[in-house]
Amino acid sequence: MGLAVGVVALLVGLVVNWWIVVAGAAIAVAFALLWVRDLARPRRLTEVPELEPERRDGRRRDGAPLPPRTYGRSAFLELSTLGLGGVIGGLVTLPALGFMTLPAFLKQRSGARDIGPLSDYPVGKFVVATFMARPEEGEVSRRTAFVRNNGAVDGRPSFTIISNHCAHLGCPVQPNTDVNVPHKQYRDVTLIPLPSPPSGFGCPCHGGQYDTEGNRIAGPPVRALDRYGFSVRGGHLFLEAPFSVSHVEGEGATARIHKYTFAFPGEHIDGPESWLYPIQPPH
Amino acid sequence: MATRSSRYERIMYPIDWLEERSGLVGGVRYFLFRKVPGDVDWFQTLGSATLTAFIVQALTGAILAMYYKPDPQQAYSSITHITNDIWAGWLVRGMHRWGASVFIILMFLHMGRVFLFGAYKYPRELNWIIGVLLLALGLLEGFTGYLLPWDQTSYWATTVGINLNGTAPFVGPFLAQFLQGGTYINADTLSRFYAIHMLLIPGALIALILLHLYLVVRLGVTSPPWSRHPAGSGPIEPPPAPPRTGLTRPEPRGRPVRG
């Protein structure tokens, strides 16, 4: 049990921190030694010269002290076979397990994505931008964001960029308006400027509804829609890392966004229910 | 008479040869002709029906793997190719697709039979536990197999399924990220599900099924609850006839010794 805890700590540490690796390795080694000692003890691998009932004073019937326990050759061979087998098994298994598990938790952040010149984003209108988060992975990495240019505030650009991943279970939410309108193409990014402002966003899977700031207004979602960070470089809008939002007060450029680290859909990020998810894997 | 006897010996020779060197024939005979309660009925066939459904899944799955390509670019087109172009592809894919539901339904029926007959009680508790593991693995097979057609239904159903796992307390986020091999469904998710569906879980299933069968044979079949015969009340059987041994050992004359 302790050995397993140590190995788990070691694996988690590989993701999180080297110090946890060291601590995990120490726990694992300590419990492995305890285990080996434990294995050796109760099996009566030692040679007992004659059977006689144990006495409380730990002495034989004739009063002589018990001979010190010694390990026989077969006990040594049995233990070393078990130990060597365990070491070999570990050497073979651990890298394979790590290879299976760790890549899912490493290098998950994808870089900023250029989603077109600012002129494609008229002030006050929503544009549906569909882009590839990792072009080298192809169409499977395609994601969608609803982008609204809020105009400049104190000379700095302001954008509302809402992810289309439903905060219930991750289905693609749709703008509640007509989206069968002409679209533009910027490299691999498809831009659909919505002529009429949507009344909100709705999910086709289980009926979650959101307002135009991404606040949940109906249905099963547990929080507001996620958002993307952004930056403007050389007159182009870049999408930065996504983050999760519990709720938004106000609208547009003056909105107060209650921002949290990115979490999977369906997870509460505030209130007592969020205590169920104390540790987030590195996204 | 002599010719018939020698013809019989000639037919039996390879079987005897195998039996003497492996004991397999006796093992199969023991498995097939073991004693079961006299009042077993059709309900007790649900287990072997489930096994048959599993074998159908394993065989059709292995054949489908010859044509299926677990790659985001080609998965869906290889599925349409199997269904529309390859001879009897629609049939084999259909068997695998509907057989999956049959397998799950039969597992539940078999489980219900065992529960209602009280066949999970001492000394068969361990076999119930193994059966529950088999059920869980079977459901996981359904979950991982559902993504493989790589169409809109399977993609979004799997998205929802993974995020459902993600809402489990404490471990959920890690489980979801492990399952999809990253923060989002990505280029590796499909081949990951394919490997789990095709290699990992079937291996575990086969091992557990063998253990399940071993315990069935070792512990015997339970009588139905309405059985009128108390256990162990049957007539005492005569000891089994001695096995055919010493028949195929090569002799210096080069001819088998007739027993």
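I will try to describe carefully the structure that is included in this document. Please read these numbers as outputs of a predicted model, since none were measured by experiment.

Rules behind the numbers
- Residues numbered from 1 in each chain as written.
- Chains lettered and ligands numbered in written order.
- Predicted model: local features only at pLDDT ≥ 70, side-chain atom pairs only at ≥ 80, totals over all residues.
- Heavy atoms only, no water.
- Contact = heavy atoms within 4.5 Å.
- Buried area = accessible area lost by both parts, 1.4 Å probe.
- Polar contact = N/O pair within 3.5 Å; in protein donor to acceptor, adjacent residues only side chain to side chain.
- Nonpolar A, V, L, I, M, F, W, Y, C, P; charged D, E, K, R; others polar.
- Salt bridge = Lys/Arg side-chain N within 4 Å of Asp/Glu carboxyl O.
- Helix = DSSP H or I, 4+ residues; strand = E, 2+ residues; numbered from the N terminus.
- Buried < 20%, exposed > 50% of the residue type's maximum accessible area, 1.4 Å probe, protein only.

## Structural notes on the interface of chain A and chain B
On the chain B side, the residues contacting the 31 residues of chain A number 28 residues. Counting each side, the surface lost to burial between chain A and chain B is near 2,500 Å², with a carbon and sulfur contribution of 67%. On the chain A side of the interface with chain B, the three residues burying the most area are Val140(A), Leu169(A) and Phe264(A), jointly 25% of the side's total. Linking chain A with chain B are 9 residue pairs in polar contact (both at pLDDT 80 or more), by the criterion used here. Here the side of chain A that touches chain B is built from residues that sort into 19 nonpolar, 8 polar and 4 charged.

## Observations concerning the pattern of salt bridges
Residue and element names in this part refer to chain A. A complete count under the given rule lists 11 salt bridges over all chains for this structure. Between Asp188 and Arg113 there is a salt bridge, with the nearest N and O atoms lying 3.2 Å from each other. Placement of the pair is Asp188 in the loop between strand E6 (184-186) and strand E7 (189-193) and Arg113 in strand E1 (residues 113-117), with a sequence separation of 75 residues. Note on Arg113: relative accessible area 17%, which makes it buried. Arg187 is the salt-bridge partner of Asp114, the closest N and O atoms lying 4.0 Å from each other. Of this pair, Asp114 sits in strand E1 while Arg187 is found in the loop between E6 and E7, placing the two residues 73 residues apart along the sequence. Residue class for Arg187 comes out exposed when judged on its relative accessible area of 63%. What you see here is one network of salt bridges that share partners, running through Arg148, Glu213 and Arg227.

## Focus: the environment of Thr158(B)
All names here are of chain B. Residue position: Thr158 is located in helix H7 (residues 152-166). Linking Thr158 and Ala53, residues 105 residues apart in sequence, is a C-alpha distance of 24 Å. Non-local contacts of Thr158, meaning those with residues more than four positions away in its chain, are made with Phe143, Leu147 and Phe193. One polar contact links the side chain of Thr158 to the main-chain carbonyl oxygen of Ser154, over a distance of 2.7 Å.

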